[in-house]
Amino acid sequence: MYNLENDINKILSDMGEFDATKAETLRKEIVKMWADKNLVRAKLVFWIFFLLSVGIMIAGYNGLRSAADTRDIVRWAIFFMIGFNSTILMKLWYWVVDSKLNLLKELKQLELQIAELAGKNTRSEN
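Residues numbered from 1 in each chain as written. Predicted model: local features only at pLDDT ≥ 70, side-chain atom pairs only at ≥ 80, totals over all residues. Heavy atoms only, no water.

### Here's the deal with the pattern of salt bridges
Per the stated rule, a full pass over the model turns up 1 salt bridge. The partner of Arg75 in a salt bridge is Asp72, with the nearest N and O atoms 3.7 Å apart. Here the residue Arg75 and the residue Asp72 both occupy positions in helix 3 (residues 70–125), the gap between them amounting to 3 residues, near one helical turn. (Salt bridge = Lys/Arg side-chain N within 4 Å of Asp/Glu carboxyl O. Helix = DSSP H or I, 4+ residues; strand = E, 2+ residues; numbered from the N terminus.)

Structure, rendered in structure tokens:
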């Protein structure tokens, strides 16, 4: 790992002066690209299962309205509750995944800032 850092420092020193504003915008673009890719996937999974759960809930409601005896009412009520509880679980799942992705995004930004500061310190010592 140390050799890799030295190689990167050598390449950066050969390229000229370090531009902090360009590095900052590049770092923000990298983190945004990483977060967008993962967040889009989580949103897609959420909406697929959320709409499926709403469909189950609607089917249960329609079954409740047309139920003739007590057994059918109980069956359709259970079907409706499965759909309803699934929507709640999908919302909770998305909240956990979104929190995790935001935390990972912050960690990636911190890693990039540490790498940038480490690069500045080694260049000033040489």
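### A closer look at a nonpolar patch on the surface
Among the surface-exposed residues, Met81, Phe84, Ile88, Leu89, Leu92, Trp95 and Val96 lie close enough to one another that they form a single nonpolar patch of about 690 Å² accessible area. Locating Phe84 in the fold gives a position in helix 3. Residue classification places Phe84 among the partly exposed positions, given a relative accessible area of 35%. (Patch = residues over 30% accessible without salt bridge, like charges linked within 9 Å, V, L, I, M, F, W, Y side chains within 5 Å. Areas by Shrake-Rupley, 256 points an atom, 1.4 Å probe, with all protein chains shown as cover. Buried < 20%, exposed > 50% of the residue type's maximum accessible area, 1.4 Å probe, protein only.)

### Here we look at the side chain of Ser53
Inspection of the secondary structure puts Ser53 in helix 2 (residues 20–66). Those residues in contact with Ser53 that lie beyond four places of it in its chain are Gly83, Ser86, Thr87 and Met90. (Contact = heavy atoms within 4.5 Å.)

### A word on the packing of aromatic side chains
Scanning all chains against the criterion turns up 6 aromatic pairs. Plain terms: the ring middles of Phe46 and Trp47 are 5.3 Å apart, the flat faces sit at 75 degrees to each other, and that makes the pair edge-to-face. Here Trp47 falls in the partly exposed class, since its relative accessible area comes to 46%. Plain terms: the ring middles of Trp47 and Phe50 are 5.7 Å apart, the flat faces sit at 90 degrees to each other, and that makes the pair edge-to-face. (Phe/Tyr/Trp six-rings, centres within 6.5 Å; stacked < 30°, edge-to-face > 60°.)

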